[in-house]
Amino acid sequence: MKKFILKITAAGAILASFAYCSNTKQITGFATSLKDAYKNDFLIGTALNTQQIEEKDLKADALIKQQFNAVTPENIMKAEIIHPQWDKYNFDLADKIVAYGTKNNIKVNGHTLIWHSQLPAFARRIKDVDSFKTFFTDHINTVAGRYSGKIFSWDVVNEALNEDGTMRKSIFLDKMGDGFVTEAFRLTEKASPGTELYYNDYNNEQPKKREGCIALVKKVQAAGVRIDGVGIQGHWHLGRVPFKDIEESILAYHALGLKVMITELDIEMLPRNFQGADVNQRQASNPALNPYANGIPDSLLQQQATDYANLFKLFLKHKDKITRVTFWGVNDGQSWLNGWPIPGRTNYPLLFDRAFNPKPAYHAVMALKK
Ligand code: G3I
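Just so it is clear, the model here is predicted, and its values are computed rather than measured. (Residues numbered from 1 in each chain as written. Predicted model: local features only at pLDDT ≥ 70, side-chain atom pairs only at ≥ 80, totals over all residues. Heavy atoms only, no water.)

**Student:** Which parts of the structure should I look at to understand the overall build of the protein?
**Tutor:** Along its length, the protein carries 15 helices and nine strands. Relative to its length of 370 residues, the protein is compact, with a C-alpha radius of gyration of 20 Å against a globular reference of 21 Å. Expressed along its principal axes, the backbone C-alpha trace of the protein runs to roughly 65 × 45 × 40 Å. Considering the protein as a whole, with its 370 residues, one finds that 56% of them fall into the buried category. (Helix = DSSP H or I, 4+ residues; strand = E, 2+ residues; numbered from the N terminus. Rg over C-alpha atoms; globule rule 2.2 N^0.38 Å. Buried < 20%, exposed > 50% of the residue type's maximum accessible area, 1.4 Å probe, protein only.)

**Student:** So what exactly am I meant to see when it comes to the site of the ligand here?
**Tutor:** Not every one of the 15 residues close to the ligand is listed here, only the nearest: Glu 74, Lys 78, His 111, Gln 118 and Glu 159. Note that an oxygen atom of the ligand is positioned 2.9 Å from one of the side-chain N or O atoms of Asn 75. Between the ligand and Lys 78, the relevant distance is 2.7 Å, taken from an oxygen atom to a side-chain nitrogen or oxygen of the residue. For the ligand, whose accessible area on its own is 790 Å², the fraction buried by protein is 53%. In the shell around the ligand, the residues fall into five nonpolar, six polar and four charged. (Near = heavy atom within 4 Å. Polar contact = N/O pair within 3.5 Å; in protein donor to acceptor, adjacent residues only side chain to side chain. Areas by Shrake-Rupley, 256 points an atom, 1.4 Å probe, with all protein chains shown as cover. Nonpolar A, V, L, I, M, F, W, Y, C, P; charged D, E, K, R; others polar.)

**Student:** Could you clarify how one ought to interpret the packing of helix 14 (residues 298-317) against helix 15 (residues 360-367) in this entry?
**Tutor:** Between two packed helices, the angle of one axis relative to the other and the distance separating the axes together describe the packing. Axis separation between helix 14 and helix 15 bottoms out at 8 Å; the angle between their running directions is 30°. Compared by their axis directions, helix 14 and helix 15 come out roughly parallel. Classified by chirality, the crossing of helix 15 by helix 14 is right-handed. Mapping the contact onto sequence places Asp 298, Leu 301, Gln 302, Gln 304, Ala 305, Tyr 308, Ala 309 and Phe 312 in helix 14 and Pro 360, Ala 361, Ala 364 and Val 365 in helix 15. (Axes fitted to C-alpha atoms, helices over the stretch in contact; angles between N-to-C directions. Parallel < 35°, antiparallel > 145°, perpendicular 65-115°, else oblique. Left-handed = near helix turned anticlockwise from the far one by under 90°. Contact = heavy atoms within 4.5 Å.)

**Student:** What is the right way to look at the pattern of salt bridges in this model?
**Tutor:** Where charged atoms of side chains with opposite charge meet at close range, the side chains can pair. What the rule picks out here adds up to 23 salt bridges. Of the charged contacts, one joins Asp 178 and Lys 219 as a salt bridge, the two residues approaching to 2.7 Å between their closest N and O atoms. Of this pair, Asp 178 sits in the loop between helix 10 (171-176) and helix 11 (180-191) while Lys 219 is found in helix 12 (residues 207-222), placing the two residues 41 residues apart along the sequence. A cluster of three or more residues bridged by salt bridges with shared partners is formed by Glu 54, Lys 56, Asp 92 and Lys 96. (Salt bridge = Lys/Arg side-chain N within 4 Å of Asp/Glu carboxyl O.)

**Student:** Sorry if this is basic, but what is going on with unusual backbone geometry here?
**Tutor:** The amide bond that connects His 111 to the next residue, Thr 112, takes the cis arrangement and shows omega of 0°. By the element assignment, Thr 112 lies in strand 3 (residues 107-115). Look at the link from Trp 340 to Pro 341: it is a cis peptide, with omega at 0°. In this fold, Pro 341 is placed in the loop between strand 9 (322-327) and helix 15. Although it is not a glycine, Gln 118 adopts a positive phi angle of roughly 50°. Note that Gln 118 resides in the loop between strand 3 and helix 8 (121-124). Even without being glycine, Asn 203 reaches a positive phi, approximately 60°. Assignment of secondary structure puts Asn 203 in the loop between strand 5 (196-201) and helix 12.

Rendered as structure tokens:
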């Protein structure tokens, strides 16, 4: 078997080694992929970068199709990329991920229509309120409308809250007041009636931000506008996963009549001096903050496996409320956490290592279903 793998292409090697696993399945009766193991519980997703959407990263491509049944574009549906100028849209890559989903029977979550970050320069420069509202309306109508009937769900509004649960000061709040959230859901529902509509944020499992999130959802509901779910992003830290807050939040969002999804899961292994995922926050580079550049001790990988296993135990306990768990990247080498909040670090936040091999965390998550 080993000699055979060495002679074939890299992508083939992955498929061949999983073929070997399939034999294991026949012998043991155990599932050999995340999506199969959790098929009766919730969707298992991953974020895709451009190379992966274009199926140019052969090793990743084999693994994605083997392991996942939901995808979210990591960047290419953000306004800066999909709507670079007032009257110019760039649908090339977004069309590709939608076609990729259809071809491979993988559900696509659109990310994201309304977000203060990665806005195109022209939108930031709009001074006049009516022009800004026109931009807002045209953006949603055009982007959501194009993928109506083709996309499973939209992160309609992303990260509109501060840590204390108040509304984040953004160009949307400034120009349209806090009604912009309800308006975004109203427009998306109209442009893409069959699509599930979510509010998505990080740290919204924390009590204060959760209260803000609940108030925001209630406001949309009170206006008679549809909202289907809340995404808890899930950018957590080794040994500090807030299990109690997560469980309380799953229950609280479900009590509003909503579905819950974990939308951007990773468990970070490197030190930093703040929590959350505000892309505008950065930290100065320092070699002491990149301790595992040449490899990570097995004890930490085991600790990560325990954290992931405890998380998935919690998700399984609430599988009637959770509809999807999406990892924010395919393997450790492709994670945004290698470049943020300090560029050039070596992080290990996901279930697959840089060579696409399953880590102890993968085996721990799979073991729960044996
Ligand atoms: O596209 C340019 C490319 O042309 C240029 O050569 C390169 C040089 O740095 O930068 C490229 O843009 C980068 C982009 O990712 C695509 O790789 C940006 O600098 C970089 O800031 C951007 O980071 C993304 C980040 O959002 C900022 O928007 C991460 O990949 C992405 O993982 C991250 O995702 C967010 C979610 O959308 C929302 N929740 C938090 C999460 C993590 O921050």
